[in-house]
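Observations on the model geometry
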Amino acid sequence: MSLPSASSLQLAAVCAGSVALPRVGHVTEAAQRGTEKHRELELDTEKADWLLTEAGLVPITGAVVRREAAFAYSVGTGAVRFLGYGRSSYDTANLADTEIPGTLDYLEQTNSDAQAVDLKAGRPEYVAAAAESYQLGFAALVAERPKVRAAFLFVADEERPWARWVDLDEWALDEWREKMVRLAANVGAARAAVARGEQP
């Protein structure tokens, strides 16, 4: 079984038992709106570029751009695998138990730096600060560049788009690698406890 997906990492960091116990499926209205926004911006690249610029996330000149790109990050080796495009581009059965899967909504890369953006359509008070976000930490690691801007882009229906971001250098990226190793160990311990019939 792989590690939690990038979007579940924050909850796993707070409570490893949340990803070790059986889950009940539930799709919220905010989640549904978010899915619709992702589809809309995947098809309308001009609007996506406008939203980024309007929110202060200036595109990197000469960068290669990828949208809805899925990756797996290995906490054991630090290796990154590109899995394909789209949220259904990978099968969790094909992931190693040391890998974290996740999809980046928007990724720009040059030889030396990158900008990774995650789209949010829900309430910002429920989203972690950029510098503390495991989802953005994952995004920065799979971008595989020595300098990365990792950002949340908020796109509520009636509001002007805005963003929260953090700029990460190699030292900060090493810190995130260590955090992912610790998180993986905590998740493994919680899953082992559940397998023994104990409380995680």
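Residues numbered from 1 in each chain as written. Predicted model: local features only at pLDDT ≥ 70, side-chain atom pairs only at ≥ 80, totals over all residues. Heavy atoms only, no water.

Within strand β4 (residues 113–120), 7 of the 8 residues are buried, which leaves the element mostly enclosed by the surrounding structure. Counting the residues in the hairpin turn of strand β3 (residues 99–109) and β4 gives 3 residues. Bridge count for β4 against strand β5 (residues 147–154) is 8 bridges, and the pairing is parallel. Paired with Q115 across the bridge in β5 is R149. Assessed by its sense of winding, the connection that carries the chain from β4 through helix α4 (residues 134–143) to β5 is right-handed. (Buried < 20%, exposed > 50% of the residue type's maximum accessible area, 1.4 Å probe, protein only. Helix = DSSP H or I, 4+ residues; strand = E, 2+ residues; numbered from the N terminus. Pairing = 2+ DSSP bridges. Right-handed = clockwise from strand over helix to strand, strands pointing away.)

A few words on the side chain of T110. Tracing the backbone through its elements, the reader meets T110 in the loop between β3 and β4. Not counting residues within four places of it along the chain, the set of residues in contact with T110 comprises I60, T61, G62, A63 and R145. (Contact = heavy atoms within 4.5 Å.)

Now for the sheet that holds strand β2 (residues 80–85). Spatially, the 6 strands line up as an open sheet ordered β2-β1-β3-β4-β5-β6, and their pairing is mixed. Two strands in the sheet have a free side with no partner beyond their single neighbour: β2 and β6 (162–168). Each adjacent strand pair in this sheet contributes to an overall mean axis angle of 35 degrees, direction not counted. As judged from the 5 bridges shared by strand β1 (residues 64–74) and β2, these two strands associate in the antiparallel manner. Along β2, the bridge assignment pairs F71 with F82. In the packing of α4 onto the sheet, the strands contacted are β1, β2, β3, β4, β5 and β6, and the crossing angle to β3 comes to about 70 degrees. (Axes fitted to C-alpha atoms, helices over the stretch in contact; angles between N-to-C directions.)

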